[in-house]
Number of protein chains: 2
Amino acid sequence: VNGLSQNQIDNGTAARGDKGPIDFYFDFISPYGYLASLRIEELAARHGASVRWYPILLGVTVLKVMGLRPVMETPLKRDYVEAEVARYCRRHGMSLNRPLAAAPMNPLPVARMFSWLSRHAPAYAVPYAKQALHRYWQEGLAVDTRDALLAAAAAAGIDESVALRAIESPEAKSHLIQDVDAAVARGVFGSPFFLVGGEPFFGVDKLELIDEWLTCGGW
Amino acid sequence: VNGLSQNQIDNGTAARGDKGPIDFYFDFISPYGYLASLRIEELAARHGASVRWYPILLGVTVLKVMGLRPVMETPLKRDYVEAEVARYCRRHGMSLNRPLAAAPMNPLPVARMFSWLSRHAPAYAVPYAKQALHRYWQEGLAVDTRDALLAAAAAAGIDESVALRAIESPEAKSHLIQDVDAAVARGVFGSPFFLVGGEPFFGVDKLELIDEWLTCGGW
């Protein structure tokens, strides 16, 4: 790694054995978050690190906290994002089957269910998130109705009784608020966003840098 | 390159001999633009490509056209940018000698002078930009007074008579407006922004991807 002092490299080496988890934040309606979800676990596994998945809501972070506009309603950025996502997909052999310019689904039901599962049936939370993301981005299905939530849960191997508890739980809403507030408190604002031993990385473009960071122990 | 069909790779190889210029857009007050300016020419030279430097104004693109806020006035993003820029500098053995949270200089005088030089003394435009960027980011000097503009010009080997013509020219203002309008018309919004054979790349994080793009001829 260029530009590192020997001291920094030594510190990095010393830390190398201790690979904490990668905290991965995503919004279900973020294409970049979805693309990152397809790569983060392989990356982490290569470094012997685990991944903790956390939901965020761009409607809270970007719109309310930061006071910005939705990316797909921002002139210039909108067109750029379409070109960039298509290029990223070609580069990594991925595809999206949903037009980015179309109105997104309501992300609240699926994110609430994910927050509920993370607490009450944690082994199923990530499989559920993957199913929901796949349905939304690959099958073009809005995962924001009771039926769609149940179908994603069933595909993730979740008993219908558990899925119904999640969907009907009055707690799920406050679980999600808690998760988003906790993310904001940690400085998280976008999707994907990663915290690697507390070090913040924003954007799917950072996966290669995280790889390098984990390889050399940071700098 | 993963995820590319043989056909795409062949097309890339076929195009490899024809390296057009890299169009590099930057705002003098953008730290990421400055950091990119320190790397883009080495990158381009390795591929036998030239670099064309163009000024933009984030006050026009980000604030007026996109309707967003200045990054350093955006909650969460502000802190992230400070951490990210510091990390980037450590990684690449670079440094900035200007607090990012401080109010930026007025970028208009230096950008106008650069637009004027680009048309009327083109051989001096990039050396002038480099001097101005260095003074601003390394020496902590605001390059927005007549004296500071003249000093940067002198350091770039520009005759004082030419520098005075640039500074006093009533045309410089319209040259810059023209440059920024042309950038926006090409979809450019941020700093740094690169167009490589028409392909848009936003952000200093894209330098590695541009390197890959030029190596394999795109995908």
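Residues numbered from 1 in each chain as written. Chains lettered and ligands numbered in written order. Predicted model: local features only at pLDDT ≥ 70, side-chain atom pairs only at ≥ 80, totals over all residues. Heavy atoms only, no water.

Our focus in this paragraph is helix α5 (residues 77-92) of chain A. For the α-helix, the turn length of 3.6 residues means that residues three or four positions removed from each other point alike. Counted at 1.5 Å a residue, the expected span for α5(A) with its 16 residues is 22 Å, and the 22 Å between its end C-alpha atoms agrees. Burial in α5(A) covers these residues: A:Y80, A:V81, A:E84, A:V85, A:R87, A:Y88, A:C89, A:R91 and A:H92. Where α5(A) is buried, its residues meet α2 (31-37) and α11 (207-216) of chain A together with β3 (193-196), β4 (199-202) and α11 (207-216) of chain B. Positive backbone phi, approximately 65°, marks A:G93, located one or two places after α5(A). (Helix = DSSP H or I, 4+ residues; strand = E, 2+ residues; numbered from the N terminus. Expected span 1.5 Å × (residues − 1). Buried < 20%, exposed > 50% of the residue type's maximum accessible area, 1.4 Å probe, protein only. Contact = heavy atoms within 4.5 Å.)

Another point: the interface of chain A and chain B. When the parts of a complex come together, some accessible area is lost, and that lost area is often taken as the interface size. Facing the 37 residues of chain A at the interface are 37 residues of chain B. The largest contributions to the chain A side of the interface with chain B come from A:L76, A:R87 and A:R91, which together make up 23% of the buried area. A salt bridge links A:K206 to B:E84, with the shortest nitrogen-to-oxygen separation between them at 2.7 Å. At the surface where chain A touches chain B, the tally comes to 18 residue pairs in polar contact (both at pLDDT 80 or more). (Buried area = accessible area lost by both parts, 1.4 Å probe. Salt bridge = Lys/Arg side-chain N within 4 Å of Asp/Glu carboxyl O. Polar contact = N/O pair within 3.5 Å; in protein donor to acceptor, adjacent residues only side chain to side chain.)

Moving on, we get to the sheet that holds strand β4 (residues 199-202) of chain A. All names here are of chain A. Taken in spatial order, the four strands line up as β2-β1-β3-β4 in an open sheet, and their pairing is mixed. Both edges of this open sheet fall to β2 (51-55) and β4, since each of them pairs with a single strand only. With strand direction ignored, the average angle separating the axes of adjacent strands in the sheet is 20°. Strand direction decides the pairing type here: strand β3 (residues 193-196) and β4, joined by four bridges, are antiparallel. (Pairing = 2+ DSSP bridges. Axes fitted to C-alpha atoms, helices over the stretch in contact; angles between N-to-C directions.)

With that settled, consider the environment of B:G187. Following the sequence through the fold, B:G187 ends up in the loop between α10 (171-185) and β3. With a relative accessible area of 22%, B:G187 lands in the partly exposed category. Counting along the chain gives 126 residues from B:G187 to B:T61, while the straight-line C-alpha distance between them is 9.8 Å. Beyond its immediate sequence surroundings of up to four residues, B:G187 is in contact with A:L76 and B:F193.

Overlay of chain A on chain B (RMSD 0.0 Å): rotation 180°, translation along the axis 0.0 Å. When the rotation and shift are considered jointly, the pair of chain copies conforms to a two-fold rotation axis. Nearest to the rotation axis, the C-alpha of A:L68 is located 2.8 Å from it, this being the minimum over chain A. Both copies present the same face, since 100% of the interface residues in chain A are matched by interface residues at the equivalent positions in chain B. (Least-squares fit on C-alpha atoms with pLDDT ≥ 70 in both.)

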